[in-house]
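Understanding the architecture of this molecule
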Amino acid sequence: MSRDSDDRLPGDEALPGTLPEPLRAELIAFRRDLHMHPELGNQEFRTTTAIKARLEKAGLAPRVLDTGTGLICDVGSRSGDPRPMLALRADIDALPIPDTKAGVPYRSTVPDRAHACGHDIHTTSVLGAGLVLAELDRQGLLPRPVRLIFQPAEEVLPGGAPDTIASGALEGVGRIIGVHCDPKVDVGRIGLRVGAITSACDRLEVSLDGPGGHTARPHLTTDLVTAASKVATEVPALLARRVDARAGLAVTWGRLEAGHACNVIPQHAELSGTVRCLDLTAWREAPDLVHAAIDEVAGMHGAKTVINYVRGVPPVVNDAAVIDLLAGAMTARRGSYAIEDTEQSLGGEDFSWYLEHVPGAMARLGVRTPGDTARLDLHRGDFDADEEAITVAVELFTASALLDGNSA
């Protein structure tokens, strides 16, 4: 991959921390091993053991989280330095879907389990960054300690981040960064955005009840199918007129069930879906707004409601100063040409919970081989990544650590 920068820090000192070829090959093998042995959220015991063993081999002292999977590890000694650390975060869990890739030796060996969201790339990249930074520390070239966070259960609402934080992951941390694979971006490039980069995501479950009856006499009972249909169509429309459109609050249903016979008005109906929102303030108000809208629409049709609103994750809101850090790091490593603007996504990401405590930012990591027209997407069984992305992410992380450590 060509570069238009000679990797320099202020003062014209060469910026260390690029990925040596033997470690690059080892990391690719490590990623493929993870890919072949995916584990679901809070079940990542093998993954945790593999990460822990490699960090210990490098002379580091990782600590497994209180939940039993995932771990944190500090690289470097504080030596009386009161400045807070930079944290590098990776998520380590897989998805409950089959791996449908053909012709690759590292296809998942576990039925109905796959690293279809790139968490194996994230994990390997933070591990690789930790190993490079540990070597820099041995050479006296790491200006400030860095914390590695390997977090479980990102795919399980409300995510593993709250438990990770409760285990002390952010103690002594001032800023946090992470990456997420993006199959729409070429490898060698990253996407950056100040402000909200992902959506909040909550789960919504609604039960509607009525006395039931004969379809010949709907006027004598509660027409529950009509009530459920109105909730499905009118609640999203009603919310669109009660929230600033710029907030991006959207209710989308994934399931609607009612009835068993064509001539029987049912006594029970159920809907379930998601609530997504791009604005943090609107997300905090969303439960009350959604409850009121559902009760209003269902009440017009005489249906009784039971609403289960399950909090998921807030939006990831990237801090401008941390985006500047990532931009500076990528420019030092690969040149400014390697940075592009990225759009907001309506996908949820529990990295957002860390940002409730410390400023931070997430970058989109390009994983598409240039010229590839396959149009792969996340959360699909055929998802794969160009493994050069590991090198890019390691260099981004290490450069960020060095630039942050040398700042005032």
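For the structure itself, consult the block above.
1. Here we look at the pattern of salt bridges
One pass over the structure, following the stated rule, counts 32 salt bridges. Between Arg24 and Glu21 there is a salt bridge whose closest N-O contact spans 3.4 Å. Remark: Glu21 and Arg24 occur in helix H1 (residues 21-36); sequence separation between them is three residues, near one turn of the helix. What makes Glu21 partly exposed here is its relative accessible area of 48%. Among the charged side chains, a salt-bridge network with shared partners connects Glu21, Arg24, Arg334, Glu388 and Glu395.

2. Describing the packing of H1 against helix H3 (residues 119-138)
Contact geometry for H1 and H3: axes closest at 9 Å, N-to-C directions at 145°. In this structure, the crossing between H1 and H3 has a hand that is right-handed. On the side of H1, the interface is formed by Leu23, Leu27, Phe30, Arg31, Leu34 and His35, while H3 contributes Asp120, Ile121, Thr123, Thr124, Leu127, Gly128, Leu131 and Val132.

3. What to know about the packing of helix H5 (residues 224-240) against helix H6 (residues 280-300)
Each pair of packed helices can be described by the angle between their axes along with the distance between the axes. Direction vectors running N to C along H5 and H6 enclose 135°, while the axes themselves pass 9 Å from each other. The angle between H5 and H6 falls in the class oblique. At the point where H5 passes H6, the crossing takes the right-handed sense. Side by side, H5 and H6 meet where Lys230, Val231, Glu234, Val235, Leu238 and Leu239 of the first sit next to Leu289, Val290, Ala293, Ile294, Glu296, Val297 and Ala298 of the second. Taken together, the residues that form the contact of H5 with H6 break down as 10 nonpolar, no polar and three charged.

4. Some details on the environment of Pro162
Its place among the elements puts Pro162 in helix H4 (residues 161-166). It is 23 Å that separates the C-alpha atoms of Pro162 and Ala116, two residues lying 46 residues apart in sequence.

5. Regarding the nonpolar core
In this structure, Leu55, Leu88, Phe150 and Leu365 are the most contacted members of the largest nonpolar core, which totals 61 residues. Looking at which element gives the most residues to this core, the answer is helix H8 (residues 388-405), with 10 residues.

6. Comments concerning the sheet that holds strand E3 (residues 63-64)
Ordered in space as E3-E4-E6-E5-E7-E18-E8-E17, the eight strands form an open sheet in which the pairing is mixed. Because the sheet does not close on itself, it has two edges, and the strands there are E3 and strand E17 (339-341). As defined by bridge partners, strand E8 (residues 190-192) adjoins strand E18 (residues 360-368) across two bridges and the pair is classed as antiparallel. Opposite Gly191, over in E18, you have Arg364 as the bridge partner. Contacts between H8 and the sheet are confined to strand E5 (85-91), strand E6 (146-151), strand E7 (173-186), E8 and E18, with E7 contributing the most and set at about 155° to the helix.

7. Description of the pairing of strand E10 (residues 200-209)
In terms of burial, E10 is a largely internal element, seven of the 10 residues being buried. Two strands pair when backbone bridges link them, and E10 and strand E14 (residues 268-277) are joined in this way by 10 bridges, in the antiparallel orientation. Note on E14: the bridge partner recorded for Ala200 is Cys277.

8. Concerning the sheet that holds strand E15 (residues 304-313)
Hydrogen bonding along the main chain pairs the strands of a sheet, whether they run parallel or antiparallel. Read from one edge of the open sheet, four strands run E12-E14-E10-E15, paired in antiparallel fashion. Among the strands making up the open sheet, the edge pair consists of strand E12 (250-258) and E15. Within this sheet the neighbouring strands show an average axis-to-axis angle of 15°, counted without direction. In terms of strand pairing, E12 meets E14 through eight bridges, oriented antiparallel. Bridging across to E14, Leu256 finds its partner in Leu271. Strands in contact with H5 are E10, E12 and E14; relative to E12, the strand with the most contacts, it is inclined by about 175°.

9. Here's the deal with the packing of aromatic side chains
Per the stated rule, a full pass over the model turns up two aromatic pairs. Taking the centre distance of 6.2 Å and the plane angle of 70° together, the rings of Trp283 and Trp353 count as edge-to-face. Of the two residues, Trp283 is situated in helix H6 and Trp353 in the loop between E17 and E18; the sequence distance between them amounts to 70 residues. Here Trp283 falls in the buried class, since its relative accessible area comes to 6%. Here Trp353 falls in the buried class, since its relative accessible area comes to 19%. With centroids separated by 5.9 Å and ring planes inclined at 55°, the aromatic side chains of Phe351 and Tyr354 adopt a geometry described as tilted. Judged by relative accessible area, Tyr354 falls into the buried class, the value being 0%.

10. Regarding H8
With 18 residues, H8 extends 26 Å from end C-alpha to end C-alpha; this agrees with the ideal 26 Å at 1.5 Å per step. The element H8 is largely enclosed, with a buried count of 17 among its 18 residues.

11. A look at the environment of Ile177
Tracing the sequence through the fold places Ile177 in strand E7. By relative accessible area, which is 0% here, Ile177 ends up buried. Linking Ile177 and Pro359, residues 182 residues apart in sequence, is a C-alpha distance of 8.9 Å. Apart from residues no more than four positions distant in its own chain, Ile177 is found in contact with Leu86, Ala87, Leu88, Arg89, Val322, Leu326, Phe351, Ala361, Phe397 and Ser400.

12. Remarks on the environment of Gly371
Mapped onto the elements of the fold, Gly371 is located in the loop between E18 and H8. Placed 303 residues apart in sequence, Gly371 and Gly68 show a C-alpha to C-alpha distance of 42 Å.

13. Description of the side chain of Asp350
Structurally, the position occupied by Asp350 is in the loop between E17 and E18. Taking the relative accessible area as the measure of exposure, Asp350 reaches 0% and is therefore buried. In terms of polar contacts, Asp350 uses its side chain to reach the side chain of Arg89, at 2.6 Å. In this structure the side chain of Asp350 is engaged in a polar contact, spanning 2.8 Å, whose partner is the side chain of Gln151.

Definitions and limits used
Residues numbered from 1 in each chain as written. Predicted model: local features only at pLDDT ≥ 70, side-chain atom pairs only at ≥ 80, totals over all residues. Heavy atoms only, no water. Salt bridge = Lys/Arg side-chain N within 4 Å of Asp/Glu carboxyl O. Helix = DSSP H or I, 4+ residues; strand = E, 2+ residues; numbered from the N terminus. Buried < 20%, exposed > 50% of the residue type's maximum accessible area, 1.4 Å probe, protein only. Axes fitted to C-alpha atoms, helices over the stretch in contact; angles between N-to-C directions. Left-handed = near helix turned anticlockwise from the far one by under 90°. Contact = heavy atoms within 4.5 Å. Parallel < 35°, antiparallel > 145°, perpendicular 65-115°, else oblique. Nonpolar A, V, L, I, M, F, W, Y, C, P; charged D, E, K, R; others polar. Core = buried A, V, L, I, M, F, W, Y, C linked by side-chain atoms within 4.5 Å. Pairing = 2+ DSSP bridges. Phe/Tyr/Trp six-rings, centres within 6.5 Å; stacked < 30°, edge-to-face > 60°. Expected span 1.5 Å × (residues − 1). Polar contact = N/O pair within 3.5 Å; in protein donor to acceptor, adjacent residues only side chain to side chain.

Structural measurements only, silent on function.
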